[in-house]
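# Residue-level structure breakdown
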Amino acid sequence: EAEVAQSPRYKITEKSQAVAFWCDPISGHATLYWYRQILGQGPELLVQFQDESVVDDSQLPKDRFSAERLKGVDSTLKIQPAELGDSAMYLCASSFERTDEQYFGPGTRLTVT
Amino acid sequence: DAKTTQPPSMDCAEGRAANLPCNHSTISGNEYVYWYRQIHSQGPQYIIHGLKNNETNEMASLIITEDRKSSTLILPHATLRDTAVYYCIVTMGAQKLVFGQGTRLTINP
């Protein structure tokens with residue numbers, strides 16, 4: 001069964017450093033999402049792509065976060081500089097179309113020290 | 001999107017039916033009810049969704065009241081692998097998922 005791939009699975013970084021996460025959606029899925037999940041809370045949408053275009057980034061802290069999906073396939077989420085409050089699970093999800101259910105990857109657990 | 005209210009935690013015996021309630025009294029006519037679950041250290045997993053009618057798939061059944069103000073997710077024969085946080089989400093579309101804190105379901109042997 002096809003799955004959403006994410007790497008790394010775990011990342012420890014010092015505050016003020018740059019960090020990047022990678023996501024490879026299920027083949028053929030046009031819509032890609034990045035979520036952040038703080039411990040004990042539900043996931044929160046950061047950014048949504050339709051192919052290579054950003055559809056919704058209203059919750060993305062644009063002063064330090066950036067996301068790209070240059071060829072409309074895999075995607076990278078970057079934080080620069082990282083802050084202590086960025087410690088969380090970063091989840092990637094994809095769907096065939098925007099109206100379809102989302103399939104989530106295993107996530108990247110970020111710890112900022 | 002309408003807000004949902006779920007109990008923070010529930011327990012169920014293995015092999016029994018697990019019935020997870022969700023209140024969504026402010027749901028509008030074109031909003032769907034979606035259920036996802038998240039097993040520890042994994043990403044959320046889609047379970048089922050519905051608009052008005054009851055729905056059933058290989059994972060679960062979704063019962064929506066006639067006034068659509070509440071719903072129940074039913075896992076007919078719960079196993080230990082069903083231990084997870086279950087999220088009830090009311091949304092106009094699959095792309096707009098606003099997760100609450102969900103219900104932590106524990107299946108006991």
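This text follows the structure it describes.
Residues numbered from 1 in each chain as written. Chains lettered and ligands numbered in written order. Predicted model: local features only at pLDDT ≥ 70, side-chain atom pairs only at ≥ 80, totals over all residues. Heavy atoms only, no water.

A count of helical and extended segments in chain B gives zero helices and nine strands. Each helix and strand of chain B, placed in order from N terminus to C terminus, yields the pattern β-β-β-β-β-β-β-β-β. A compact globule built from 109 residues would reach a C-alpha radius of gyration of about 13 Å, and chain B, at 13 Å, matches this within 12%. C-alpha extents for chain B along the principal axes are approximately 40 × 25 × 25 Å. Buried positions account for 45% of the 109 residues belonging to chain B. Relative to all contacts within chain B whose residues are 6 or more apart in sequence, the contacts with residues 24 or more apart total 56%. Averaging the coordinates of the 9 positive side-chain charges in chain B and doing the same for the 9 negative ones gives two points 4 Å apart. (Helix = DSSP H or I, 4+ residues; strand = E, 2+ residues; numbered from the N terminus. Rg over C-alpha atoms; globule rule 2.2 N^0.38 Å. Buried < 20%, exposed > 50% of the residue type's maximum accessible area, 1.4 Å probe, protein only. Contact = heavy atoms within 4.5 Å. Lys, Arg positive; Asp, Glu negative; His and termini not counted. Charge placed at Lys NZ, Arg CZ, Asp CG, Glu CD.)

So, about the overall build of chain A. The secondary structure content of chain A amounts to zero helices and 11 strands. For chain A, the succession of helices and strands along the chain, N to C, is β-β-β-β-β-β-β-β-β-β-β. A globule of 113 residues ought to have a C-alpha radius of gyration of about 13 Å, and chain A, at 13 Å, matches this closely. Oriented by its inertia axes, the alpha-carbon framework of chain A measures out at about 35 × 30 × 25 Å. Within chain A, the proportion of its 113 residues that are buried is 46%. Counted over contacts in chain A with a minimum sequence separation of 6, partners at least 24 positions apart contribute 54%. Here chain A displays about 5700 Å² of accessible surface, and carbon together with sulfur accounts for 48% of that area. Side chains of chain A give 11 positive and 17 negative charges; the mean places of these two sets differ by 7 Å. (Areas by Shrake-Rupley, 256 points an atom, 1.4 Å probe, with all protein chains shown as cover.)

Residues and elements named next belong to chain B. Spatially, four strands are ordered S2-S7-S6-S5 in an open sheet, and the strand pairing comes out antiparallel. Two strands in the sheet have a free side with no partner beyond their single neighbour: strand S2 (18-23) and strand S5 (55-56). With six bridges joining them, S2 and strand S7 (residues 70-75) adopt antiparallel strand pairing. Bridge pairing in S7 links Pro-21 to Thr-72. (Pairing = 2+ DSSP bridges.)

A full pass over the atoms with the stated rule returns 12 aromatic pairs over all chains. Between the aromatic rings of Tyr35(A) and Phe99(B), the centroid separation amounts to 6.0 Å while the plane-to-plane angle is 85°, which identifies the pairing as edge-to-face. Linking Tyr35(A) in strand S4 (residues 31-37) with Phe99(B) in the loop between strand S8 (84-91) and strand S9 (103-108), this pair reaches from one chain into another. (Phe/Tyr/Trp six-rings, centres within 6.5 Å; stacked < 30°, edge-to-face > 60°.)

With that settled, consider the interface of chain B and chain A. The partner chain A presents 19 residues to the 16 residues of chain B that form the contact. Roughly 1300 Å² is buried in total at the junction of chain B and chain A, and carbon and sulfur atoms are behind 50% of that figure. Its largest share of buried area at the contact with chain A, chain B owes to Pro44(B), Gln95(B) and Phe99(B), together 35% of the area lost on that side. Applying the counting rule to chain B against chain A returns one salt bridge. Among the ionic pairs, Lys96(B) bridges to Asp56(A), the shortest N-O distance being 2.9 Å. At the junction of chain B with chain A, the criterion picks out six residue pairs in polar contact (both at pLDDT 80 or more). Considering each element in turn, the side of chain B that touches chain A owes the most residues, three residues, to strand S3 (residues 32-38) of chain B. Split by residue class, the side of chain B that touches chain A holds eight nonpolar, seven polar and one charged. (Buried area = accessible area lost by both parts, 1.4 Å probe. Salt bridge = Lys/Arg side-chain N within 4 Å of Asp/Glu carboxyl O. Polar contact = N/O pair within 3.5 Å; in protein donor to acceptor, adjacent residues only side chain to side chain. Nonpolar A, V, L, I, M, F, W, Y, C, P; charged D, E, K, R; others polar.)

This brings us to the state of the cysteines. Residue and element names in this part refer to chain A. Scanning all chains against the criterion turns up two disulfides over all chains. Note that Cys-23 is cross-linked by a disulfide to Cys-92, the S-S spacing being 1.9 Å. Taking the torsion about the S-S bond as the criterion, the Cys-23 to Cys-92 disulfide, at about -70°, is left-handed. One end of the pair, Cys-23, is in strand S3 (residues 19-24); the other, Cys-92, is in strand S9 (residues 88-95), and 69 residues separate them in sequence. (Disulfide = S-S within 2.5 Å.)

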